[in-house]
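# Observations on the three-dimensional arrangement
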Amino acid sequence: MAVAALVAGAAVASNGSAFAGPNDDPYPGAEWERGDAAAAGFDPAKLEQIAEELKADKSNCLAVIRHGRLVAEWYWNGTGPDSKQEVWSVTKSVSSTLVGIAAAEQKLSIEDKASKYLAPWVGTPSDGVTVKDLLSNDSGRHWTGALDDAGAVFGASDRTGYAVSVPQDVPPNDVWAYNNTAIQTLDDVLHGATGEEPVDYAQKKLLEPLGMKNSTMTKDQAGNTNTFMGVQSTCQDMARFGYLFLRNGHWRDTQVVPEQWVAEATGKPSQDITTAYGYLWWLNRLGPVAGVTKAWTHEDSANAPHTQIVPGAPQDMYWAQGLGGQTVQVDPGSGTVVVLLRPGALVSPSAEDKTARIVTEALVRP
């Protein structure tokens, strides 16, 4: 796939001091506090084995956070801690978070009709599509296939204009499809709701508060913020994003995004077709698991086997994922965040099964 409460636990920091659980775990300052992998509960040899496999997959970097400390990292292909790259559809989870922040500021509600912000949809078959539908990928907007969809919106010079203009295929909630074009319309939704370009809103409300100094959202040729892809970031910065969610939206003394938003976005399916999807986050929940290549109906869902993205991994594990195996993995139960960044190849080995092994195999002391 090109694709919760925190549990308290005990651990020993690299300096030998004990801490009781997530509420005592540190936040990174200008840099991540370092920790020892073995002291954090990992088998270093198993971690190294998994890292070697990811290196063989042509990965660029791997970072492992436990209890607020960077306990392991690797860089390959000439990259380093400040090497910025495209994270592709990990951007979707960032865009979802911006919607959550805007909702907390009462600038929008996810139950709003998207046509409140997208005037061309008023009085059309798209008039009933809500912001929640866009976040859940069951908007019913035009979709004929994963490659057609992604290629068309990626190739448009005015991506938002194109995304708003395509037709409505079916009513919302009838079909689940991994719809890049529909998600790009969140650019106009956020702009209309906040009065700010999403690229600027992200900088002020998310990236700067988290200290993601090597991260930016980007714009298309027409000046629209890219919301379905386009974030440029690093392993360590993406770990900050994952850690925000591990800490239920808290960042030191600031509630960057509400706890309730984290629970709604990542703690349960956002619709009743696939259990593998929240608000632009991938979930490991047991049930019918849709992928990115096929649109699913309720009938498809009813006839699908019940499984998980990674069978045997914790059901409350979740991911921001992007083309080529870009992965931000959050496991609330073990207090870990794992980030893997790779070249954005169309054909690339799956990543979530290997990043999950860092928790299911390499973590020997929960």
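Computed from a prediction, not measured in an experiment: that's the story for all the values here.

Below, the discussion takes up unusual backbone geometry. Although it is not a glycine, Trp-88 adopts a positive phi angle of roughly 55 degrees. Mapped onto the fold, Trp-88 is located in the loop between strand S5 (85–86) and helix H2 (90–104). Even without being glycine, Asn-248 reaches a positive phi, approximately 55 degrees. Relative to the elements of secondary structure, Asn-248 occurs in the loop between helix H9 (235–246) and strand S8 (250–251).

Here we come to the nonpolar core. Counting residues in hydrophobic clusters, the biggest one holds 85 residues, and the most contacted among them are Val-99, Leu-135, Leu-186, Leu-206, Met-238 and Trp-282. With 8 residues, the top contributor of residues to this core is H9. With sequence-adjacent residues up to four places away left out, Met-238 is seen in contact with Val-87, Val-90, Met-212, Val-231, Ser-233, Val-328 and Val-339. If you look at the next biggest cluster of nonpolar residues, it comprises 19 residues, including Phe-42, Ala-51, Val-64 and Val-71.

Now for the packing of H2 against helix H8 (residues 198–210). Packed helix pairs are characterised by how far apart their axes lie and by the angle those axes make with each other. At a closest axis distance of 11 Å, the pairing of H2 and H8 adopts a crossing angle of 75 degrees. Considering the angle they form, H2 stands roughly perpendicular to H8. On H8, the residues that touch Val-94, Thr-97, Leu-98, Ile-101 and Ala-102 of H2 are Pro-198, Tyr-201, Ala-202, Lys-205 and Leu-206. Broken down by class, the residue content of the contact of H2 with H8 amounts to 8 nonpolar, 1 polar and 1 charged.

Checked against the element boundaries, Asp-237 lands in helix H9. One buried charged residue, Asp-237, forms no salt bridge at all, with the nearest opposite charge on Arg-240 at 4.1 Å. Here Asp-237 is in contact with Gly-211, Met-212, Lys-213, Asn-214 and Ser-215, once residues within four sequence places are set aside.

A few words on the pairing of strand S15 (residues 326–331). The buried fraction of S15 amounts to 6 of the 6 residues, a majority that puts the element mostly inside the structure. Every second residue of S15 is oriented toward a common face, with Gln-326, Val-328 and Val-330 on one face and Thr-327, Gln-329 and Asp-331 on the other, all of them buried. Linking two consecutive strands that pair antiparallel, namely strand S14 (residues 318–322) and S15, is a turn of 3 residues; a positive phi of about 85 degrees is found at Gly-324 within it. Looking at chain direction, S15 and strand S16 (residues 336–341) are connected through 5 bridges and run antiparallel. When the sheet's bridge partners are listed, Val-330 is paired in S16 with Val-337.

How each quantity is defined
Residues numbered from 1 in each chain as written. Predicted model: local features only at pLDDT ≥ 70, side-chain atom pairs only at ≥ 80, totals over all residues. Heavy atoms only, no water. Helix = DSSP H or I, 4+ residues; strand = E, 2+ residues; numbered from the N terminus. Core = buried A, V, L, I, M, F, W, Y, C linked by side-chain atoms within 4.5 Å. Buried < 20%, exposed > 50% of the residue type's maximum accessible area, 1.4 Å probe, protein only. Contact = heavy atoms within 4.5 Å. Axes fitted to C-alpha atoms, helices over the stretch in contact; angles between N-to-C directions. Parallel < 35°, antiparallel > 145°, perpendicular 65-115°, else oblique. Nonpolar A, V, L, I, M, F, W, Y, C, P; charged D, E, K, R; others polar. Lys, Arg positive; Asp, Glu negative; His and termini not counted. Salt bridge = Lys/Arg side-chain N within 4 Å of Asp/Glu carboxyl O. Pairing = 2+ DSSP bridges.

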